[in-house]
Amino acid sequence: MDIAKTYLPKQAEDKWYKYWLEHNFFRSVPDEREPYTIVIPPPNVTGVLHMGHMLNNTIQDVLIRRARMKGKNACWVPGTDHASIATEAKVVAMLKERGINKKDLSRDEFLAYALEWKDKYGGIILEQLKKLGASCDWERTKFTMDEDMSESVIDYFVHLHKKGWIYRGVRMVNWDPQGKTAVSDEEVIRKEVNQKLYYIKYEVVSTNVQKETNHVANPTEYLTIATTRPETIMADAAICINPNDERYTHLHGRQVYIPLINRMIPVILDEYVTMDFGTGCLKVTPAHDLNDYELGQKHKLQIIDILNDDATLNEKAQILIGEDRFIARKKIAVLLEEAGALDKMEDYTSQIGFSERTNAAIEPKLSMQWFCKMKELAGPALDYVLNGEVKLIPEKFINTYRHWMENVRDWNISRQLWWGQQIPAYYLPNGEFVVAKTKEEALVEAQAIDPKFTLSDLTQEEDVLDTWFSSGLWPISVFDGVRNPDNAEINYYYPTNDLVTAPEILFFWVARMIMSGYELRGQKPFNNVYLTGIVRDKLGRKMSKSLGNSPDPLDLIDQYGADGVRVGMLLCSPAGNDLMFDEKYCKQGSGFANKIWNAFKLIKGWQVDPNLVSNNQVAINWFESRFNQALIDIESDFAQYRLSEALMATYKLVWDDFCAWYLEMIKPVYQQGVEKQSIDEPTYRATIAFFENILKVLHPFMPFLTEELWHDELFGQREDLDCCIVAQLPTNGKVNTQLKTELEVIQQIITQVRNIRSSKGLSPNMALPLAVKVTSKIDYEKKYWPIIKQLGNISQLTEVNGAVNGANNFIIGTDEFFITLNLNVDVAAEIERFEKEEDYLIGFLRSVQAKLSNERFIANAKSEIVENELKKKADAEARLEMVRANLRGLRDE
RNA sequence: GGGAGUUUAGCUCAGCUGGUUCAGAGCAUCUGCCUUACAAGCAGAGGGUCACUGGUUCGAACCCAGUAACUCCCA
């Protein structure tokens, strides 16, 4: 068989993903094993994969695969949410293209179109996740509007209503005039916008007395206000000035006319007004501004709403009826100008809210909405996090979480849409309403009020529930734990283990899951919340469609292989910090895959010769020990969710320890004309065992490559179900610290020898003799000779008692090494080198001595630190003596 | 305006309870090598006033205070 020169990911990826599916490796059903559960943060059903998903799902897959390989019953539940606003907007747009107006459709007709649309385009994202290698239990795929999921939502609503935590109320909401729905504060994106500040003159109403006595002498009086929204003056209820503002004392108790419509409104006093902003006169428009609304409540002002749901002006505006708010703004400026009421215009920038879903400018609007009380729910949800039952990783998010939970406001859960769960509230002819799971049950409730009511008297609330209201139940509802709280699945899988999500939805998703978990089950929904950062480009900009700075994830997979991209994502993703994504990380990932592939190729080229005797036992023991150490480190990294460090530890284990050192130590010397290189049996067996273990450790990060190699005949015959994906991770054995330290010395010798070769311009092929003056206990001659010989290309090793004349030398630890070259030693350069070292050692000793002669150091420092200082001193002195001996020798020449 | 976070090599980040002359990793850079697994490679090298200013301490990248810059959240 001819092995490709580089790793080719494509075939391997398709082949093994299919194989895993066919053999049900992703499937989880409750059994006697310990469960390990992750529920996916459901992406929008209409969404497509972006870099944020790539990161998020790579992390989840690494965690789930690792759990599987640790013998846990690993269950990763996939799914999507219905994203009511975004999806409805898309469906409306699609209908428009077909010439259909939503207004002309019944609710059921519209939902039929929406479902059709969802079936056609929905769930693409889940297919994309498969390309990444996501090992979700696809049989469990859920959608927040599945029948059982919707029923759970309705049940929860009824439950909360029974507790008295759901109510209706008029509130100022963030109105999206395009989506024609309220959106939550969190769904509003604030942006700086250049606007105009209009200075408008209001005529002050003269008093009767003044009118009669001074009619002619007293000219008309005006006050001027500054506003960015002149089109709302018709909704003004008052003008407000600061009572301390001396400029306007004469206006106290007066009234003014609104220009153009000449409606009379009072001048009111409130310290809320900033005197040095604009003119110090504030127009108060309670229906169209949150702060004005509150001011209006305080001063019992009239509320005049002049806007329709689509932000056109209604008949209450009296003028410009039917015009859009922005067009009205331009037109009214002209009208004011003509009426002489426009004093001036200034440029002004301010923050304006835009709908995250439709990008329309948010209009503050008073409307009747459904609310869920948050105080009672937030308390326990905060406690879970504060007492550490739910761990946030990294911990820095606890502060933010607490701040939000302590200042939580009631949650507006209604949306003026059709795509979603219709609120199960039924209005009665008398204006009251009842809440029940079904219309029939609602009738029973209604008849308790008045037995004469019939089904036809009940009208269901038109609004649907916020999507977060469904996804807030996700960890419970995917296991049917709302409807059947005691079923086997929920009891087995809940609470789930880890949740991987973005910090920006900590509140409206994570917090709400914790709330519902407590409320419905008295249990947290997950143990750990791993918060990933935002994927930015290498310039630190958020990746966005409009900037076009986001690579297409599938293109990346195409180019670098899924394994390469997974490694690339993880290499640059410290927990909780934003990551500056750069394609070069994917390149590094695919380079790593190639390195592993080539190590495999090397081993494949060997063949056991039973007659050969192994002299690699030290190398084998060393790597085994090194491997065990790496397992410990990697486990510790995972325990702390330091995934990129766990990956880097694995990367170095493979590249440095295994490839660069171990394989080079044991690699048979090439024999020409032989198809397969001969190797002794113990080394061959050990190496293959190491390689198989390495594949296991790598698997969570690079599932495809490892599975591909796992099935090679190199490892013998495999049963159908003997796959890397379900192999059990090796358990760590002993770490031999003496071997480790000694080999570090050997590595330094090799490096020095290479250095000398390289600095003298000698070929690596030229074998050199090495002499050593040993004072340590290291057995160079017997124990390490095979390694030194092979890696250093040393012809012979001799022990000497004194310096070797004319040799190049170096010191490692307390042992001195000599290489005799048939070249003149550059005495001056050598002297310089040793003088440099001497200086360093003198400085070092001085700093150590300074500590040791400091009484306060001796008195205060821990004894092991003092001892360590003494040892440092002794070592440095011994070394300094050697260096000086060398210098003496050199200077004598 | 209120709150939180960040600042260590050209880039992305480690650095635990203050204690090795402690400043580290990967990438990038430079030099030399097409050495029969890998040029997507090998061997070697350079690179930092740990943002700044003070303080605490025998000892500070680490603790404290202040300053600056950047980021995020809320109003």
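Note that this is a predicted model, so its numbers are computed, not measured. (Residues numbered from 1 in each chain as written. Chains lettered and ligands numbered in written order. Predicted model: local features only at pLDDT ≥ 70, side-chain atom pairs only at ≥ 80, totals over all residues. Heavy atoms only, no water.)

Enquirer: Quick question: what am I supposed to make of the domain arrangement of chain A here?
Expert: Interface size is commonly expressed as the accessible surface area that is lost when the partners come together. Domain parsing of chain A yields domain 1 (191-356), domain 2 (558-735), domain 3 (740-819) and domain 4 (827-892). One C-alpha centre belongs to domain 1, the other to domain 4, and the line joining them spans 82 Å. (Domains from an automatic or database assignment.)

Enquirer: Before we go on, may I ask you to explain the UniProt feature "domain: Valyl-tRNA synthetase tRNA-binding arm" (unreviewed entry) in chain A in this structure?
Expert: Here the UniProt feature "domain: Valyl-tRNA synthetase tRNA-binding arm" (unreviewed entry) sits at residues 826-890. The span residues 826-890 is 92% helix and 0% strand, and its two end C-alpha atoms sit 10 Å from each other. (UniProt positions renumbered as here; feature names shortened; annotations may be inferred. Helix = DSSP H or I, 4+ residues; strand = E, 2+ residues; numbered from the N terminus.)

Enquirer: Mind showing me how you'd approach helix 18 (residues 583-604) here?
Expert: In an α-helix, one turn spans 3.6 residues, which is why side chains three or four residues apart end up on the same side. With 22 residues, helix 18 ought to run about 32 Å at 1.5 Å a step, and its terminal C-alpha atoms sit 32 Å apart, in line with that. Every buried residue of helix 18 is accounted for by Cys 586, Gly 589, Phe 592, Ala 593, Ile 596, Trp 597, Ala 599, Phe 600, Ile 603 and Lys 604. Axial view of helix 18: buried residues confined to an arc of 155°, hence all on one face. Exposed side of helix 18, more than 90 degrees from the buried face: Lys 584 and Lys 587 are the residues found there. Tucked inside the fold, the buried residues of helix 18 contact helix 17 (553-571), strand 26 (606-608), helix 20 (643-666), helix 21 (681-698) and helix 22 (703-710). (Expected span 1.5 Å × (residues − 1). Buried < 20%, exposed > 50% of the residue type's maximum accessible area, 1.4 Å probe, protein only. Arc of directions from axis to C-beta. Contact = heavy atoms within 4.5 Å.)

Enquirer: What is the right way to look at the layout of surface pockets in this model?
Expert: Empty space among the atoms can be located by rolling a probe the size of a water molecule over them. Volume-wise, the second largest pocket comes out at about 530 Å³. Forming the boundary of the second largest pocket are 22 residues, of which Ile 666, Lys 667, Pro 668, Val 669 and Gln 790 lie nearest the centre. Within the residue set of the lining of the second largest pocket, elements represented by two or more residues are helix 20, strand 27 (677-679) and helix 24 (785-792). Counting residues per element, the lining of the second largest pocket draws most heavily on helix 24, which supplies five residues. When residues are assigned to domains, the lining of the second largest pocket turns out to be shared by domain 2 (558-735) and domain 3 (740-819), each giving three or more. (1 Å grid on protein atoms, 1.4 Å probe; cavity = no way out; pocket = protein on both sides within 12 Å on 5 of 7 lines; lining within 4 Å. Points joined across faces, edges and corners; volume = space filled by probe spheres on them.)

Enquirer: Hey, could you run me through the sheet that holds strand 15 (residues 391-393) in this one?
Expert: What holds strands together in a sheet is hydrogen bonding between their backbones, with the strands either parallel or antiparallel. Read from one edge of the open sheet, three strands run 15-23-22, paired in parallel fashion. The open sheet has two edge strands with one neighbour each: strand 15 and strand 22 (496-501). Taking each pair of neighbouring strands and ignoring which way they run, the sheet shows an average axis angle of 20°. Packed onto the sheet, helix 2 (residues 51-68) meets strand 22 and strand 23 (526-531) and runs at close to 160° relative to strand 22. (Pairing = 2+ DSSP bridges. Axes fitted to C-alpha atoms, helices over the stretch in contact; angles between N-to-C directions.)

Enquirer: What is the right way to look at the protein's contact with RNA strand B in this model?
Expert: Near RNA strand B lie 45 residues; those nearest to it are Gln 588, Asn 598, Arg 642, Tyr 670 and Tyr 840. Taking all atoms of RNA strand B within 4 Å of the protein, the share assigned to sugar and phosphate is 64%. Within the side chain of Asn 598, one N or O atom sits 2.5 Å away from a sugar or linking oxygen of RNA strand B. Those elements that place two or more of their residues in the surface near RNA strand B are helix 18, helix 20, helix 23 (737-760), helix 25 (827-852), helix 26 (855-860) and helix 27 (863-892). Top element by residues in the surface near RNA strand B is helix 18. It accounts for 11 residues. Residues belonging to the surface near RNA strand B are distributed by class as follows: 15 nonpolar, 14 polar and 16 charged. (Near = heavy atom within 4 Å. Polar contact = N/O pair within 3.5 Å; in protein donor to acceptor, adjacent residues only side chain to side chain. Nonpolar A, V, L, I, M, F, W, Y, C, P; charged D, E, K, R; others polar.)

Enquirer: Sorry if this is basic, but what is going on with the packing of helix 18 against helix 21 here?
Expert: For any two helices packed against each other, the geometry is given by the interaxial angle and the distance between the axes. The contact between helix 18 and helix 21 brings their axes to 11 Å, and the two run at 160°. Taken together, helix 18 and helix 21 sit at an angle that is classed as roughly antiparallel. When the axes of helix 18 and helix 21 are compared, the crossing they make is left-handed. Here Phe 592, Ile 596, Ala 599, Phe 600 and Ile 603 of helix 18 lie close against helix 21, whose contacting residues are Tyr 684, Thr 687, Ile 688, Phe 691 and Leu 698. Taken together, the residues of the contact of helix 18 with helix 21 break down into nine nonpolar, one polar and no charged. (Parallel < 35°, antiparallel > 145°, perpendicular 65-115°, else oblique. Left-handed = near helix turned anticlockwise from the far one by under 90°.)

Enquirer: What should I look at first to understand the nonpolar core in this one?
Expert: One recurring pattern in soluble globular proteins: nonpolar side chains tend to sit buried together. Tyr 401, Phe 581, Phe 658, Tyr 662, Phe 691, Ile 749 and Tyr 780 are the most contacted members of the largest nonpolar core, which totals 190 residues. For this core, the element with the highest residue contribution is helix 20, accounting for 14 residues. The residue makeup of this core includes at least three contributed by each of domain 2 (558-735) and domain 3 (740-819). Excluding residues that lie within four positions of it along the chain, Tyr 401 makes contacts with Ala 381, Leu 382, Val 385, Leu 392, Leu 506, Phe 507, Ala 511 and Ile 514. In terms of nonpolar packing, the next biggest core, distinct from the first, is built from 31 residues, Tyr 202, Leu 320, Ala 328 and Leu 342 among them. (Core = buried A, V, L, I, M, F, W, Y, C linked by side-chain atoms within 4.5 Å.)

Enquirer: Looking at this model, I keep getting lost on empty space enclosed by the protein. Mind explaining?
Expert: Counted by the stated rule, this structure contains two cavities of 30 Å³ or more. Of the pockets and cavities examined, the largest cavity occupies roughly 50 Å³. Taken together, Tyr 156, Leu 377, Trp 411, Trp 468, Phe 469, Gly 472, Arg 512 and Met 515 form the lining of the largest cavity. Every element with two or more residues in the lining of the largest cavity is listed here: helix 13 (467-471) and helix 16 (506-521). A volume near 30 Å³ is recorded for the second largest cavity. In terms of lining, the second largest cavity is formed by Trp 622, Ser 625, Arg 626, Gln 629, Val 735 and Lys 740.

Enquirer: Can you walk me through the sheet that holds strand 19 (residues 433-435) in this structure?
Expert: The strand order across the open sheet built from three strands is 19-18-20, with neighbouring strands paired in antiparallel fashion. Because the sheet does not close on itself, it has two edges, and the strands there are strand 19 and strand 20 (459-460). With two bridges joining them, strand 18 (residues 425-427) and strand 20 adopt antiparallel strand pairing. Within strand 20, the position partnered with Tyr 426 by the bridge is Gln 460.

Enquirer: Sorry, what's going on with a nonpolar patch on the surface here?
Expert: Taken together, the side chains of Val 48, Tyr 121 and Ile 124 present a nonpolar region at the surface, about 240 Å² in accessible area. What makes Tyr 121 partly exposed here is its relative accessible area of 36%. (Patch = residues over 30% accessible without salt bridge, like charges linked within 9 Å, V, L, I, M, F, W, Y side chains within 5 Å. Areas by Shrake-Rupley, 256 points an atom, 1.4 Å probe, with all protein chains shown as cover. Salt bridge = Lys/Arg side-chain N within 4 Å of Asp/Glu carboxyl O.)

Enquirer: When you look at the side chain of Glu 707 in this model, what are you seeing that I'm missing?
Expert: With respect to the helices and strands, Glu 707 occurs in helix 22. Nearest to the buried, unbridged Glu 707 among oppositely charged side chains is Arg 65, at 6.0 Å. A polar contact of 2.8 Å, which involves the side chain of Glu 707, links it to the side chain of His 711. Apart from residues no more than four positions distant in its own chain, Glu 707 is found in contact with Trp 16, Trp 20, His 699, Cys 723, Cys 724 and Ile 725. (Lys, Arg positive; Asp, Glu negative; His and termini not counted.)

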